Amino acid sequence: MASSNKNVVPEAKEALNRFKMEAASEVGVNLKQGYNGDLTSKQAGSVGGQMVKKMIESYEKNMK
């Protein structure tokens, strides 16, 4: 099956962007709008890790 980068829900892209910026702020990484290729792997990983942590916390909260 071929993968696609099409946005099934266009609003989701903007929401995910806001979520990423919020997570970056929480871990002290300054993201810019657009290209952020100058981030170190450690910085990028900390942002992604914070996003996953928040998603798991939300999921666990909603299970109760």
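First, a word on what this report is: a plain description of the structure on this page. Predicted model only: the values in this text are computed from it and were never measured.

### What about the packing of helix α1 (residues 10-26) against helix α2 (residues 41-63)?
Next up, step 1: At a minimum axis distance of 8 Å, the contact between α1 and α2 shows a crossing angle of 110°. On the basis of their axis angle, the class for α1 and α2 is roughly perpendicular. For the pair formed by α1 and α2, the contact residues are Leu-16, Phe-19, Lys-20, Glu-22, Ala-23, Ala-24 and Glu-26 on the first element and Val-47, Gln-50, Met-51, Lys-54 and Met-55 on the second.
Next up, step 2: Of the residues that constitute the contact of α1 with α2, the class distribution is seven nonpolar, one polar and four charged.

### Structural notes on the side chain of Asn-36
Next up, step 1: As for its placement among the helices and strands, Asn-36 is situated in the loop between α1 and α2.
Next up, step 2: Look at Asn-36 and you get buried, because its relative accessible area is 18%.
Next up, step 3: Separated by 3.1 Å, the side chain of Asn-36 and the backbone oxygen of Gly-34 make a polar contact.
Next up, step 4: Setting aside its immediate chain neighbours within four residues, Asn-36 contacts Asn-30 and Leu-31.

### Overview of the pattern of salt bridges
Next up, step 1: A full pass over the atoms with the stated rule returns four salt bridges.
Next up, step 2: Across the salt bridge formed by Glu-22 and Lys-54, the nearest N and O atoms sit 2.9 Å from each other. Of the two residues, Glu-22 sits in helix α1 while Lys-54 sits in helix α2, which places them 32 residues apart along the sequence.
Next up, step 3: The closest approach of N and O atoms between Lys-54 and Glu-26, which form a salt bridge, is 3.0 Å. Taken together, the residues Lys-54 in helix α2 and Glu-26 in helix α1 connect sequence positions 28 residues apart.

About the cut-offs
Residues numbered from 1 in each chain as written. Predicted model: local features only at pLDDT ≥ 70, side-chain atom pairs only at ≥ 80, totals over all residues. Heavy atoms only, no water. Axes fitted to C-alpha atoms, helices over the stretch in contact; angles between N-to-C directions. Helix = DSSP H or I, 4+ residues; strand = E, 2+ residues; numbered from the N terminus. Parallel < 35°, antiparallel > 145°, perpendicular 65-115°, else oblique. Contact = heavy atoms within 4.5 Å. Nonpolar A, V, L, I, M, F, W, Y, C, P; charged D, E, K, R; others polar. Buried < 20%, exposed > 50% of the residue type's maximum accessible area, 1.4 Å probe, protein only. Polar contact = N/O pair within 3.5 Å; in protein donor to acceptor, adjacent residues only side chain to side chain. Salt bridge = Lys/Arg side-chain N within 4 Å of Asp/Glu carboxyl O.

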